[in-house]
Amino acid sequence: MNLGLAGKTVVVTGAGQGQGSAEARLLVEHGCRVFAVDLCAQVPAELRGLSGPGELIYRQLDVTKRAHWEELAAQLSGREVHGLVNNAGITQRDRLAQVSLEQLHRVYEVNVAGPLLGIQALTPLFAPGSSIVNIGSVAGLSSHYPVAYTTSKWALRGLTRVACMELGPAGIRVNSVHPGFIETPMTSAANPSFREATIRETPLGRAGSSQEVANVVLFLLSDLSSFVNGAEIPVDGGQTAHGGAKSISDALK
Ligand code: NAP
């Protein structure tokens with residue numbers, strides 16, 4: 001199937017591992033010229049040795065630094081940019097009573113200010129038909145316990161909606177994807193009880209893969225989603241669909 005992505009330029013943040021690297025690889029497979037950006041100076045191992053039909057250009061970029069975004073925009077200047085995947089994110093697992101203001105600020109800086117800076121820097125390079133995908137979380141659809149992370153992902157939904165409203169008239173679509181428990185370096189560092197409890201709340205009864213998130217991102221960047229704008233798409237095996245009713249249903253079986 002032709003997704004209309006061949007030759008298109010797409011920027012993916014936090015592309016060095018986990019979901020970001022899966023998104024970058026999939027886009028290259030579909031013919032995109034991918035600017036994959038992350039914190040590390042060297043090309044991350046997960047991005048080495050890719051073969052076309054597209055192309056991958058790696059660049060060090062901290063999403064919280066406006067100057068880094070300006071440098072990327074200058075490199076891309078004169079080129080039409082089709083897509084931005086605001087994937088970079090950090091977690092912080094302190095609970096309500098413990099979290100410090102410094103931790104709150106740091107999480108907001110990466111998870112909220114980072115996507116905002118990316119949208120500000122690249123919007124002048126977008127043409128009608130372009131697409132921005134913000135990677136949220138089921139945390140931003142629920143009352144997930146890590147308070148800094150959860151509130152940052154709710155804020156990202158707000159940013160997505162404002163950007164959808166403001167950029168729609170220019171033909172730029174803005175959507176968000178909300179992964180459930182996905183096997184990545186981020187979740188491998190979590191308490192095993194978190195994994196087990198989340199899977200118990202997931203109707204499909206398993207964790208998801210980075211590839212399964214990347215597939216939805218690909219759809220949102222492609223012409224197949226040309227009238228999808230401002231959508232919030234969970235990729236969570238049904239975790240958020242039951243609104244807490246699963247344990248009740250399970251108890252009555
Ligand atoms: P990950 O494995 O931790 O990968 C995130 C990448 O982003 C890392 O390479 C990280 O670099 C990079 N990064 C962190 N801060 C950055 C910054 N300031 N500038 C540029 N890059 C930065 O995470 P993941 O699990 O793939 O998560 C990707 C996205 O999905 C995040 O937004 C996350 O919140 C969201 N998400 C994940 C899950 C899940 O279950 N995995 C669930 C819901 C939502 P370093 O490693 O050097 O820090």
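You'll find the structure just up there.
This text gives an overview of the structure that appears in the document. (Residues numbered from 1 in each chain as written. Predicted model: local features only at pLDDT ≥ 70, side-chain atom pairs only at ≥ 80, totals over all residues. Heavy atoms only, no water.)

## Side note on the overall build of the protein chain
When helices and strands are tallied, the protein chain shows 8 helices and 7 strands. For the protein chain, the C-alpha radius of gyration of 18 Å lies close to 18 Å, the compact-globule estimate for 253 residues. If one aligns the C-alpha atoms of the protein chain with their principal axes, the spans along those axes are about 60 × 45 × 40 Å. Counting only residues that meet the buried cut, the protein chain has 49% of its 253 residues in that class. Summing over all exposed atoms, the protein chain offers an accessible surface of approximately 11,700 Å²; the carbon and sulfur share of this is 56%. In the protein chain, 20 side chains carry a positive charge and 21 a negative one; their mean positions are 2 Å apart. (Helix = DSSP H or I, 4+ residues; strand = E, 2+ residues; numbered from the N terminus. Rg over C-alpha atoms; globule rule 2.2 N^0.38 Å. Buried < 20%, exposed > 50% of the residue type's maximum accessible area, 1.4 Å probe, protein only. Areas by Shrake-Rupley, 256 points an atom, 1.4 Å probe, with all protein chains shown as cover. Lys, Arg positive; Asp, Glu negative; His and termini not counted. Charge placed at Lys NZ, Arg CZ, Asp CG, Glu CD.)

## Focus on the side chain of threonine 202
Considering the arrangement of structural elements, one finds threonine 202 in the loop between helix H6 (192-200) and helix H7 (210-221). A relative accessible area of 5% places threonine 202 in the buried class. Discounting residues that sit within four places of it in the chain, threonine 202 has contacts with Asp236, Gly237, Gln239 and Lys246. (Contact = heavy atoms within 4.5 Å.)

## Topic: the site of the ligand
Taken together, 27 residues sit near the ligand, with Asp38, Asn87, Tyr149, Ile182 and Thr184 positioned nearest. Aspartate 62 places a side-chain nitrogen or oxygen 2.9 Å from a nitrogen atom of the ligand. Within the backbone of asparagine 87, a nitrogen or oxygen atom sits 2.8 Å from an oxygen atom of the ligand. Expressed as a share of its isolated accessible area of 890 Å², the protein-covered part of the ligand is 87%. Counting atoms within 2 Å of the grid points, the majority share of the ligand lands in the largest pocket. (Near = heavy atom within 4 Å. Polar contact = N/O pair within 3.5 Å; in protein donor to acceptor, adjacent residues only side chain to side chain. 1 Å grid on protein atoms, 1.4 Å probe; cavity = no way out; pocket = protein on both sides within 12 Å on 5 of 7 lines; lining within 4 Å. Sits in = over half its atoms within 2 Å of the grid points.)

## Here's the deal with the layout of surface pockets
Taking a probe equal in size to a water molecule and rolling it over the atoms shows the remaining empty space. Its boundaries defined by the atoms lining it, the largest pocket holds a volume of some 1,000 Å³. Lining the largest pocket are 47 residues; nearest its centre among them are Gln19, Thr91, Ser137, Tyr149 and Met186. Breaking the lining of the largest pocket down by element, the ones donating at least two residues are helix H1 (18-29), strand S2 (33-38), helix H3 (101-122), helix H4 (147-167), helix H5 (185-188) and H6. Among the residues making up the lining of the largest pocket, the classes are represented as 18 nonpolar, 23 polar and 6 charged. (Points joined across faces, edges and corners; volume = space filled by probe spheres on them. Nonpolar A, V, L, I, M, F, W, Y, C, P; charged D, E, K, R; others polar.)

## Focus on the pattern of salt bridges
Side chains carrying opposite charge are able to pair once their charged atoms draw close together. A full pass over the atoms with the stated rule returns 10 salt bridges. Notably, a salt bridge pairs arginine 106 with glutamate 109, separated by 2.9 Å at the nearest N-O pair. With arginine 106 and glutamate 109 both in helix H3 and 3 residues apart, this pair spans about one turn of that helix. By relative accessible area, arginine 106 is classed as partly exposed at 37%. Between arginine 195 and glutamate 183 there is a salt bridge, with the nearest N and O atoms lying 2.3 Å from each other. Of the two residues, arginine 195 is situated in helix H6 and glutamate 183 in the loop between strand S6 (173-179) and H5; the sequence distance between them amounts to 12 residues. Within the structure, one salt-bridge network assembled from shared partners comprises Arg157, Arg161 and Glu232. (Salt bridge = Lys/Arg side-chain N within 4 Å of Asp/Glu carboxyl O.)

## Here's the deal with the sheet that holds strand S1 (residues 9-13)
Taken in spatial order, the 7 strands of this open sheet run S3-S2-S1-S4-S5-S6-S7, and their pairing is parallel. Each edge of the sheet is formed by a strand with only one pairing partner; in this case those strands are strand S3 (55-60) and strand S7 (232-235). Across the sheet, the mean angle separating the axes of adjacent strands is 20 degrees when strand polarity is ignored. With 5 bridges joining them, S1 and S2 adopt parallel strand pairing. Across the sheet, the residue bridging to valine 12 is alanine 36, located in S2. (Pairing = 2+ DSSP bridges. Axes fitted to C-alpha atoms, helices over the stretch in contact; angles between N-to-C directions.)

## A look at H6
The set of residues buried in H6 consists of Phe194, Thr198 and Ile199. The buried residues of H6 occupy an angular sector of 125 degrees when the element is viewed end-on, so they sit on one face. Looking at H6, the residues exposed on the side facing more than 90 degrees away from the buried face are Pro192 and Arg200. For H6, the N-terminal cap is asparagine 191; the gap from its side-chain oxygen to the backbone nitrogen of serine 193 is 2.8 Å. (Arc of directions from axis to C-beta.)

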